[in-house]
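# Chains, contacts and geometry: an overview
Listed below, chain by chain, are the residues.
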Amino acid sequence: MSIKQTKMRAVLKEKAAPGVSFKQVPIPKPQKDEVLVKVVHSSICGTDISIYDWTPWAAGHIKPPQIIGHEMVGKVVEINTKSKTNIKIGDLVSSETHIFCLNCYQCEIKNYHICENMKLFGIGRNGAFAEYATIPLRTTWKNDPKIPVEAMSVQEPLGNAVNVVTKANVKGKKVLIMGLGPTGLCAGMVAKAYGAKEVVGVNRREFRRKLAMKIGFDRVTDKLDKKEYGTFDVVLEMSGNRLGIQIGLDAARIAGKIIAFGIPKENINIDWGKYMINKELSIESVFGRMIWETWKDTTKLLVSGKVDLRKIITHRFKLSEFEKAMKVMKSGECGKVVLTP
Ligand SMILES: [Zn+2]
Ligand SMILES: [Zn+2]
């Protein structure tokens, strides 16, 4: 397929400083074993706020100028490969953010999501806040057309939640979710879909607590009172917040399970003897999605309607309104924010 345009609009991290630029740039050419997609929707991630603000983490991971954005759905317009592939022109595809190398030990044992030489889409290479994007074929996911198109752009955070909840094995259990950002909210929907007995969410913001109740949490609170709530079989630590982590450790029952997902911005001290030894807590961590097992599970949840991602999409903007969208993201008065080029 040929594209007549040669330029496209994109959100660029242009300088090693806070902020972004909205500019005309050349439409990228797909390199060997890559596809070119016309972006249909993208969604803003917490990571994109760090990139916007130019935190030390962002400064260590991004080399400006670069197009940002990693959560997306797009239509394939060009495929550059000599290898066999199930991807066809016109397919609606999404990208797995963790671009693996296929050469390291973790890739050899199929832990592609924690590849030793991992590159991140929209972080270590150009991303999807643009009219067009290139994606390596090996991290291109062909979407089931039965899934609502808007929801396709939010599968990356939903996938994180699916991986977290799967590791926790929540069926019949009492589950506490610390932090109700989009991934925490998704984790609640997934935990209910996977048969959790009770799902309680903790968040400071009333907006997020209200949204959680709308999408199926059993109870929400900003103050977890032990007398009222008791202890929990499973704690999903989605906040990455020092106080949240401490509350989670205390709220877990003896020999309970904690799944760590939220990334703290500071060193965290925990009383190792009290929690790890005397209380026999087990802590597992999740970084990303199992490739492609999690995506397959995510598809099942979306196709069956057990999880409807449109319930957590609270704002929609044109790509050109990126600054407005970022303001909403930073306010915290939102669920998922979706962009359309
Ligand atoms: Zn993300
Ligand atoms: Zn690797």
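Predicted model, so just to flag it, every value in this text is computed and none were measured. (Residues numbered from 1 in each chain as written. Chains lettered and ligands numbered in written order. Predicted model: local features only at pLDDT ≥ 70, side-chain atom pairs only at ≥ 80, totals over all residues. Heavy atoms only, no water.)

Scanning the protein from N- to C-terminus turns up 12 helices and 18 strands. Here the C-alpha radius of gyration of the protein, 20 Å, is about what a compact globule of 341 residues would show, namely 20 Å. Viewed in the frame of its principal axes, the protein has a C-alpha envelope of about 65 × 40 × 35 Å. Counting only residues that meet the buried cut, the protein has 53% of its 341 residues in that class. Put simply, of all contacts in the protein between residues at least 6 apart along the chain, 69% involve residues at least 24 apart. When the accessible surface of the protein is totalled, it reaches about 16,000 Å², and 51% of it is carbon and sulfur. (Helix = DSSP H or I, 4+ residues; strand = E, 2+ residues; numbered from the N terminus. Rg over C-alpha atoms; globule rule 2.2 N^0.38 Å. Buried < 20%, exposed > 50% of the residue type's maximum accessible area, 1.4 Å probe, protein only. Contact = heavy atoms within 4.5 Å. Areas by Shrake-Rupley, 256 points an atom, 1.4 Å probe, with all protein chains shown as cover.)

Taken together, the side chains of Ile270, Trp272, Ile277 and Ile283 define a hydrophobic patch exposed on the protein surface, amounting to about 390 Å² of accessible area. Along the polypeptide, Ile283 turns up in strand β16 (residues 282-285). (Patch = residues over 30% accessible without salt bridge, like charges linked within 9 Å, V, L, I, M, F, W, Y side chains within 5 Å. Salt bridge = Lys/Arg side-chain N within 4 Å of Asp/Glu carboxyl O.)

The next point concerns the sheet that holds strand β2 (residues 21-26). The strand order β2-β1-β4 describes an open sheet built from 3 strands, whose pairing is antiparallel. Sheet topology places β2 and β4 (66-67) at the edges, where each strand pairs with a single neighbour. Sheet topology note: the strand β1 (residues 7-13)/β4 ladder contains 2 bridges and is antiparallel. Bridge pairing in β4 places Leu12 opposite Ile67. (Pairing = 2+ DSSP bridges.)

Looking now at the packing of aromatic side chains. Evaluation of the coordinates by the stated rule reveals 5 aromatic pairs. Relative to Tyr112, the ring of Phe100 lies with its centre 4.9 Å away and its plane at 40°, an arrangement referred to as tilted. Taken together, the residues Phe100 in the loop between β7 (98-99) and α3 (105-108) and Tyr112 in the loop between α3 and β8 (119-120) connect sequence positions 12 residues apart. You'll find Phe100 and Tyr112 in the same group, each marked buried. Taking 5.3 Å as the distance between ring centres and 25° as the angle between the ring planes, the aromatic pair formed by Trp141 and Trp292 counts as stacked. Remark: Trp292 occurs in the loop between β16 and α11 (293-304) and Trp141 occurs in strand β10 (residues 140-142); sequence separation between them is 151 residues. Ring pairing ties together the aromatic residues Trp141, Trp292 and Trp295, which thus form one cluster. The ring of Phe100 carries the charged tip of Arg138 above its face, separated from the ring centre by 5.6 Å. (Phe/Tyr/Trp six-rings, centres within 6.5 Å; stacked < 30°, edge-to-face > 60°. Lys NZ or Arg CZ within 6 Å of the ring centre and 35° of its normal.)

To continue, consider the packing of helix α5 (residues 155-168) against α11. Working note: a packed helix pair is described by the angle between its axes plus the distance between those axes. Where α5 meets α11, the closest approach of the two axes is 9 Å, and the angle between their N-to-C directions is 105°. Relative to α11, the element α5 lies roughly perpendicular. Of α11, the residues touching α5 (which contributes Gln155, Leu158, Gly159, Val162 and Asn163) are Thr294, Trp295, Asp297, Thr298, Thr299, Leu301 and Leu302. Looking at the contact of α5 with α11, its residues break down into 5 nonpolar, 6 polar and 1 charged. (Axes fitted to C-alpha atoms, helices over the stretch in contact; angles between N-to-C directions. Parallel < 35°, antiparallel > 145°, perpendicular 65-115°, else oblique. Nonpolar A, V, L, I, M, F, W, Y, C, P; charged D, E, K, R; others polar.)

On to the packing of helix α1 (residues 46-53) against helix α12 (residues 322-331), then. Contact geometry of α1 with α12 gives a least axis separation of 11 Å together with a crossing angle of 110°. Viewed along their axes, α1 and α12 adopt a mutual orientation that is roughly perpendicular. The element α1 and its partner α12 pack so that their crossing is left-handed. Contact with α1, carried on its side by Gly46, Asp48, Ile49, Tyr52 and Asp53, involves Phe322, Glu323, Met326, Met329 and Lys330 of α12 and no other residues of that element. Residue classes in the contact of α1 with α12 are distributed as 5 nonpolar, 1 polar and 4 charged. (Left-handed = near helix turned anticlockwise from the far one by under 90°.)

Turning our eyes to something else, we now look at the coordination of the zinc ion (ligand 1). For the zinc ion (ligand 1), the protein coordination sphere consists of Cys45 (SG), His70 (NE2), Glu71 (OE) and Glu156 (OE), at 2.2 to 2.5 Å. Coordination at the zinc ion (ligand 1) is irregular: its 4 donor atoms span angles of 83 to 154° at the metal. Coordination of the zinc ion (ligand 1) draws on donor residues from a single chain, spaced C-x24-H-E-x84-E in sequence. With Glu71 in strand β5 (residues 71-80) and Glu156 in helix α5, this pair connects stretches of sequence that are 85 residues apart. Neither residue differs from the other here; Glu71 and Glu156 are each classed as buried. (Donors = N, O, S within 2.8 Å, 3.2 Å for Na, K, Ca; no water. Tetrahedral: all angles 85-135°; square planar, octahedral: opposite > 155°, others 65-115°.)

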